[in-house]
Amino acid sequence: MTTPRTPPHGNDTLARLAAVIESRRLDQGGDPAKSYVSRLFAKGPDAVLKKIGEEATELVMACKDGEPVRIVAETADLWFHSMVALAAHGLSPADVLAELERREGLSGLDEFALRKVRERERERGVGRDGEGEGVQASDGQGAPPADPAPRSREGDSA
């Protein structure tokens with residue numbers, strides 16, 4: 001396989017694909033007789049989730065076999081079906097990119113610890129207003145991480 005090329009800054013491939021997927025939603029006039037994505041939407045959320053599981057398994061197998069061409073192809077399939085799931089929930093790749101940007105520069109271990117703390121707080125009914133006690137993760141330099149950005153909802157511009 002050739003050396004991967006870095007996409008140009010501002011690559012909008014995901015946004016263009018998301019727009020096509022969005023246009024295939026049944027409430028947007030998608031026709032299951034003419035579109036694979038519309039057919040998935042018509043079958044319901046479990047059909048999309050099943051495809052994600054299948055594609056994730058195929059990616060794992062490609063990685064175990066060490067086949068770069070298959071790894072790329074299966075990753076593309078997994079990303080595609082994940083984008084269908086995002087659209088089904090009124091989300092877009094921009095929401096995922098915003099979350100990745102939020103995490104940029106944050107230690108993976110700190111991010112994991114922070115998620116565990118927040119899970120425990122939610123289980124105890126502790127709000128985000130600072131009530132309750134818990135360990136707070138830092139950015140590795142002593143500063144607490146920023147709170148996650150609010151999630152988009154259907155109808156919000158992405």
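Structure: above.
None of these values were measured; they are calculated from a predicted model.

Reading the values: the criteria
- Residues numbered from 1 in each chain as written.
- Predicted model: local features only at pLDDT ≥ 70, side-chain atom pairs only at ≥ 80, totals over all residues.
- Heavy atoms only, no water.
- Helix = DSSP H or I, 4+ residues; strand = E, 2+ residues; numbered from the N terminus.
- Buried < 20%, exposed > 50% of the residue type's maximum accessible area, 1.4 Å probe, protein only.
- Contact = heavy atoms within 4.5 Å.
- Areas by Shrake-Rupley, 256 points an atom, 1.4 Å probe, with all protein chains shown as cover.
- Polar contact = N/O pair within 3.5 Å; in protein donor to acceptor, adjacent residues only side chain to side chain.
- Axes fitted to C-alpha atoms, helices over the stretch in contact; angles between N-to-C directions.
- Parallel < 35°, antiparallel > 145°, perpendicular 65-115°, else oblique.
- Left-handed = near helix turned anticlockwise from the far one by under 90°.
- Patch = residues over 30% accessible without salt bridge, like charges linked within 9 Å, V, L, I, M, F, W, Y side chains within 5 Å.
- Salt bridge = Lys/Arg side-chain N within 4 Å of Asp/Glu carboxyl O.
- Nonpolar A, V, L, I, M, F, W, Y, C, P; charged D, E, K, R; others polar.

S.K.: Would you mind showing me how to read the overall build of the chain here?
M.R.: Counting its regular elements, the chain contains 6 helices and 0 strands. Burial statistics for the chain: of 158 residues in total, 26% are counted as buried. For the chain, contacts bridging at least 24 residues in sequence account for 52% of all contacts bridging at least 6. For the chain, the computed accessible surface area is about 11200 Å², with 56% contributed by carbon and sulfur atoms.

S.K.: Sorry, what's going on with the side chain of serine 35 here?
M.R.: Relative to the helices and strands, serine 35 is located in the loop between α1 (13-23) and α2 (36-43). The class of serine 35 is buried, set by a relative accessible area of 8%. A distance of 3.3 Å separates a polar atom in the side chain of serine 35 from the backbone nitrogen of valine 37. Within polar-contact distance, the side chain of serine 35 engages the backbone nitrogen of serine 38 at 3.1 Å.

S.K.: Would you mind going over the packing of helix α3 (residues 45-65) against helix α4 (residues 68-88) with me for this structure?
M.R.: A pair of packed helices is captured by two measures, namely the crossing angle of their axes and the spacing between those axes. Between α3 and α4, whose axes approach to 8 Å, the crossing angle comes to 160°. In terms of their interaxial angle, α3 and α4 are classed as roughly antiparallel. Relative to α4, α3 is oriented so that their crossing is left-handed. Residues Val48, Lys51, Ile52, Glu55, Ala56, Glu58, Leu59, Met61, Ala62, Cys63 and Asp65 of α3 lie in contact with α4, whose contacting residues are Arg70, Ile71, Glu74, Thr75, Asp77, Leu78, His81, Ser82, Val84 and Ala85.

S.K.: Whenever I open this one, a nonpolar patch on the surface confuses me. Can you help?
M.R.: A cluster of nonpolar residues, Leu14, Trp79, Val96, Leu97 and Leu100, forms a patch on the protein surface that exposes about 460 Å² of accessible area. By residue number, the principal contributor to the nonpolar patch is helix α5 (residues 93-103), which donates 3 residues. We classify leucine 97 as partly exposed; its relative accessible area is 41%.

S.K.: So what exactly am I meant to see when it comes to the packing of α2 against α4 here?
M.R.: Packing of α2 against α4 brings their axes to within 11 Å, and their N-to-C directions diverge by 55°. Regarding the angle of α2 to α4, the classification is oblique. Of the two elements, α2 crosses α4, and the hand of that crossing is right-handed. On the side of α2, the interface is formed by Tyr36, Val37, Leu40 and Phe41, while α4 contributes Phe80, His81, Val84, Ala87 and Ala88. Split by residue class, the contact of α2 with α4 holds 8 nonpolar, 1 polar and no charged.

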